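# Examination of the molecular architecture
Letter by letter, the chains look like this.
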Amino acid sequence: MKKLLILLAGLSLAFTPPSREPVSKEMAAAAQTFVNSLDAEQRKLAVFPFDSEERFDWHYIPRKRNGLPLKQMNPQQRKAAMALLKTTLSEQGYEKVTSIIDLENVLRVVENRPPNDTYRDPENYSFSVFGDVSNKTPWGWRIDGHHLSLHFSSLTGKVIGMTPTFLGSNPGIVRADVPQKGRQILKQEEALALALVNSLNSDQLARALISETCPNDIVTTHTRKASIEKMEGISFPQLTSSQQKTFLSLLETYLNNYHVTLKNQQMDKLKKVGLDKLVFAWAGDRQVGFGPGKGQYYRIQGPTLLIEFDNSQNNANHVHSVVRDLTNDFGEDMLAEHYKTQHK
């Protein structure tokens, strides 16, 4: 197969360590720099009112997207957009995001598409800013594209929302003869979950296993509000101490994608509600398999958090994962409290 030239033109891919500024202040400064770099026509595409319904219109499939895509930015603007992205993520998270974007190049080769193809397009990732970054009213921003959707909201100098967070990988493991061959972006998300489910004894597995069959996608898809009909699975206290360590390592694999401040913010919230209220549920194969009918699905669920992972499509080589805050997606809960206080 023809070798692939990896090129994400104009992107500043190297990860810059976070500054000592609070993440909210750094994020606001980067967002303002990005907006200031745009001309009038670009601002019309990139900037929306904070209360716009567009803020909730996200998806992880290839499609035409609103916002300003990378392909319509000059090198300076792309650098500013990626700098904004870096303010909210850890080095691990940033590497996953840029690797997901690069998989569009792999899909062009695997699917025999021309270099100028716009369906599998590493430049079709759109940045949007919601509200006015320069004042004290709520504002937020989003990057949205195939297998990638990140959302952040801010109010009064604090990041109040950091979900939904969708990361996907097609292929799950790159098997084609391309420079990325062997890459598995969401490897730990799979390996730790398999280790956990295969450590369960028969009684524990009876609690954790919700189906022998893997669903063909995450249950909540791209809904505005995430909802699972009922909480199923084995609870944290029903695990042994060794299993609890694996469970927490799996949980932290997702939270470690965020800037350390945001990770701690979410972990503090979970601890306040109680880690003992978290459950782990599994569906599908309990061994890695590749072929028709194969696949694994799991979720971690609690009163405030939902994490879903599904690897079923493309003969179980196509991963979808999402983190949802069941009380505060898009910062909605904290915004409601703010408006309630302001009204009083």
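In case you missed it, the structure is sitting above this.
Residues numbered from 1 in each chain as written. Predicted model: local features only at pLDDT ≥ 70, side-chain atom pairs only at ≥ 80, totals over all residues. Heavy atoms only, no water.

### As for the layout of surface pockets
The volume enclosed by the second largest pocket comes to roughly 220 Å³. Contributions of two or more residues to the lining of the second largest pocket are made by strand S6 (158–161), helix H8 (260–273) and helix H10 (332–343). The residue makeup of the lining of the second largest pocket, split by class, is three nonpolar, five polar and five charged. (1 Å grid on protein atoms, 1.4 Å probe; cavity = no way out; pocket = protein on both sides within 12 Å on 5 of 7 lines; lining within 4 Å. Points joined across faces, edges and corners; volume = space filled by probe spheres on them. Helix = DSSP H or I, 4+ residues; strand = E, 2+ residues; numbered from the N terminus. Nonpolar A, V, L, I, M, F, W, Y, C, P; charged D, E, K, R; others polar.)

### What to know about the packing of aromatic side chains
Tallied over the full model, the rule gives 13 aromatic pairs. A centroid spacing of 6.5 Å and a plane angle of 50° characterise the contact between Trp58 and Phe166, whose relative ring orientation is tilted. With a gap of 108 residues between them, Trp58 in the loop between strand S1 (47–48) and strand S2 (68–69) and Phe166 in strand S7 (residues 165–169) connect regions that are remote in the sequence. Across the pair, Phe166 and Trp58 agree in class, each one buried. Measuring from ring centre to ring centre gives 5.4 Å for Trp141 and Phe152, while their planes differ by 20°; the resulting arrangement is stacked. Residue Trp141 is found in strand S4 (residues 139–145), and its partner Phe152 is found in strand S5 (residues 148–155); the two are separated by 11 residues along the sequence. The ring centre of Phe290 lies 4.1 Å from the NZ or CZ of Arg175, which sits over that ring. (Phe/Tyr/Trp six-rings, centres within 6.5 Å; stacked < 30°, edge-to-face > 60°. Buried < 20%, exposed > 50% of the residue type's maximum accessible area, 1.4 Å probe, protein only. Lys NZ or Arg CZ within 6 Å of the ring centre and 35° of its normal.)

### Let's talk about the environment of Lys136
Structurally, Lys136 can be placed in the loop between strand S3 (126–130) and S4. With relative accessibility at 74%, the residue Lys136 sits in the exposed group. Spatially, the C-alpha atom of Lys136 lies 35 Å from that of Leu278, the residues being 142 residues apart in sequence. Beyond its immediate stretch of four places on either side in the chain, Lys136 contacts Leu155 and Thr156. (Contact = heavy atoms within 4.5 Å.)

### Regarding the packing of helix H5 (residues 187–197) against helix H7 (residues 241–255)
In contact at an axis separation of 9 Å, H5 and H7 are set at 160° when each is read in the N-to-C sense. As judged from the angle between their axes, H5 and H7 are roughly antiparallel. For the crossing formed where H5 meets H7, the hand is left-handed. On the side of H5, the interface is formed by Gln188, Glu189, Leu192, Ala193, Ala195 and Leu196, while H7 contributes Gln243, Thr246, Phe247, Ser249, Leu250, Thr253 and Tyr254. Looking at the contact of H5 with H7, its residues break down into seven nonpolar, five polar and one charged. (Axes fitted to C-alpha atoms, helices over the stretch in contact; angles between N-to-C directions. Parallel < 35°, antiparallel > 145°, perpendicular 65-115°, else oblique. Left-handed = near helix turned anticlockwise from the far one by under 90°.)

### What to know about the packing of helix H1 (residues 23–36) against helix H3 (residues 75–88)
In contact at an axis separation of 9 Å, H1 and H3 are set at 165° when each is read in the N-to-C sense. Put simply, H1 runs roughly antiparallel to H3. Our pair here, H1 against H3, has a crossing hand that is left-handed. Side by side, H1 and H3 meet where Val23, Glu26, Met27, Ala30, Ala31, Thr33 and Phe34 of the first sit next to Gln77, Ala80, Ala81, Ala83, Leu84, Thr87 and Thr88 of the second. The residue makeup of the contact of H1 with H3, split by class, is nine nonpolar, four polar and one charged.

### Observations concerning unusual backbone geometry
Cis geometry marks the peptide bond from Thr163 to Pro164; its omega dihedral reads 5°. Tracing the backbone through its elements, the reader meets Pro164 in the loop between S6 and S7. Even without being glycine, Asn112 reaches a positive phi, approximately 55°. Mapped onto the secondary structure, Asn112 falls in the loop between helix H4 (91–110) and S3. Relative accessible area serves as the criterion here: at 68%, Asn112 is assigned to the exposed category. Positive phi is not limited to glycine here, since Asn315 has a value of about 60°. You can call Asn315 partly exposed: its relative accessible area is 37%.

### Details of the pairing of S6
Taken together, the three bridges between S5 and S6 define a ladder with antiparallel strand orientation. What sits directly across from Ser153, in S6, is Gly161. Where S5 folds back onto S6 in an antiparallel hairpin, the turn is made up of two residues, including Thr156, whose phi is positive at roughly 45°. (Pairing = 2+ DSSP bridges.)

### Details of the nonpolar core
Soluble, globular proteins show a tendency: their nonpolar side chains are buried together. The biggest cluster of nonpolar side chains holds 74 residues, and the ones touching the most others in it are Phe34, Leu85, Phe127, Trp141, Leu148, Leu150 and Phe280. With near-sequence residues (within four places) excluded, Leu85 lies in contact with Tyr94, Val97, Trp141, Ile143 and Leu150. Counting residues in each nonpolar core, the second largest holds seven residues, with Trp58, Ile218, Val322 and Phe330 among its members. (Core = buried A, V, L, I, M, F, W, Y, C linked by side-chain atoms within 4.5 Å.)

Geometry only, nothing functional implied.
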